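Okay, here's what each chain looks like letter by letter:
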Amino acid sequence: KQEVTQIPAALSVPEGENLVLNCSFTDSAIYNLQWFRQDPGKGLTSLLLIQSSQREQTSGRLNASLDKSSGRSTLYIAASQPGDSATYLCAVPNSGYSTLTFGKGTMLLVSP
Amino acid sequence: GAGVSQSPSNKVTEKGKDVELRCDPISGHTALYWYRQRLGQGLEFLIYFQGNSAPDKSGLPSDRFSAERTGESVSTLTIQRTQQEDSAVYLCASSPGTESRYTFGSGTRLTVV
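Nothing here was measured: the structure is a model prediction, and the numbers come from that model.

Student: Please clarify how the pairing of strand β3 (residues 19-24) of chain B should be interpreted in this entry.
Tutor: Successive residues of a regular strand alternate their side chains across the two faces of the sheet. Residues and elements named next belong to chain B. A one-sided burial pattern is seen for β3, the buried positions being Val19, Leu21 and Cys23 and the unburied ones Glu20, Arg22 and Asp24. Of the strand pairs in this sheet, strand β1 (residues 5-7) and β3 are connected by three bridges, and their pairing is antiparallel. In the strand pairing of β3, Ser7 is matched with Arg22. Note that β3 and strand β8 (residues 75-79) share five bridges and pair antiparallel. In the strand pairing of β8, Val19 is matched with Ile79.

Student: Looking at this structure, I do not really get the sheet that holds strand β8 (residues 72-77) of chain A. What am I missing?
Tutor: Residues and elements named next belong to chain A. Taken in spatial order, the five strands of this open sheet run β1-β3-β8-β7-β6, and their pairing is antiparallel. At either margin of the open sheet sits one strand with a lone partner, and together these are β1 (4-7) and β6 (56-59). Taking the axes of each pair of neighbouring strands and ignoring which way they run, one obtains an average angle of 15 degrees across the sheet. Strand direction decides the pairing type here: β1 and strand β3 (residues 19-25), joined by four bridges, are antiparallel. By the bridge assignment, Gln6 is partnered in β3 with Cys23.

Student: What exactly am I supposed to notice about the side chain of Thr87 of chain A here?
Tutor: Here Thr87 of chain A shows up in strand β9 (residues 86-93). Not counting residues up to four positions away in its chain, the partners in contact with Thr87 of chain A are Phe36, Arg37, Gln38, Gly105, Thr106 and Met107 of chain A.

Student: What am I meant to see in the state of the cysteines here?
Tutor: Working definition: the covalent bond between the sulfur atoms of two cysteines is a disulfide. In the structure shown here, the tally under the stated rule is two disulfides over all chains. The disulfide partner of Cys23 of chain A is Cys90 of chain A, and the gap between their sulfur atoms is 1.9 Å. Measuring the twist about the S-S bond at about 70 degrees, one finds the Cys23 of chain A-Cys90 of chain A disulfide to be right-handed. Remark: Cys90 of chain A occurs in strand β9 and Cys23 of chain A occurs in strand β3; sequence separation between them is 67 residues. With respect to burial, Cys23 of chain A and Cys90 of chain A carry one shared label: buried. A sulfur-sulfur distance of 1.9 Å marks the disulfide that ties Cys23 of chain B to Cys92 of chain B. Since a negative S-S torsion denotes a left-handed disulfide, the Cys23 of chain B-Cys92 of chain B link at about -65 degrees is left-handed. Of this pair, Cys23 of chain B sits in strand β3 while Cys92 of chain B sits in strand β9 (residues 88-95), placing them 69 residues apart in sequence. As far as the burial class goes, Cys23 of chain B and Cys92 of chain B line up, both buried.

So, how was this worked out
Residues numbered from 1 in each chain as written. Chains lettered and ligands numbered in written order. Predicted model: local features only at pLDDT ≥ 70, side-chain atom pairs only at ≥ 80, totals over all residues. Heavy atoms only, no water. Buried < 20%, exposed > 50% of the residue type's maximum accessible area, 1.4 Å probe, protein only. Helix = DSSP H or I, 4+ residues; strand = E, 2+ residues; numbered from the N terminus. Pairing = 2+ DSSP bridges. Axes fitted to C-alpha atoms, helices over the stretch in contact; angles between N-to-C directions. Contact = heavy atoms within 4.5 Å. Disulfide = S-S within 2.5 Å.

Read these as layout, nothing more, since geometry by itself doesn't imply function.
Structure follows, in structure tokens:
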């Protein structure tokens, strides 16, 4: 059964810092990995999807990397802003199934 | 539609009552997923539809939970004889295919009193 761990569970930084969120998964036989953002009381917004054939995917100030062999992904946020405050979740497909297993997320707070 | 729509957004029900939660996916999305998120917990998979069929019901926590999808569109999640432990946010997502990006709705917050 696929298990996903995210570190740290919470992170508080001043505005302008560059930061890294970590995600690890137990079954490396995945075809993609997704990073999501969840704002309080709202659903999830897909940020980035990395295919297994890719090593990186970029969108604006966000950059996600994927290392299948080691079962790790990182989400890099450059020049953080207060509007980045949210919970960030990574998700990978379950072995043999067409659904996703989610990590518990990293709660990010960026202070002005 | 432009996004995934869920209704109601909030539902308070008495223990023992039945509830129905609705999900309208993005038009043309063949895959539809239901997840549950209890307070302070991660997302818990419930059920997944490909078209109108549910190949994976493994996440339904008990036989009080059921779901259906019709017309490869709207899905309804039904919880019978609700219990307090059913209190959670129920999230629906859809995607063009199972290897594609998910689009989530805003969820239904269910409170069982």
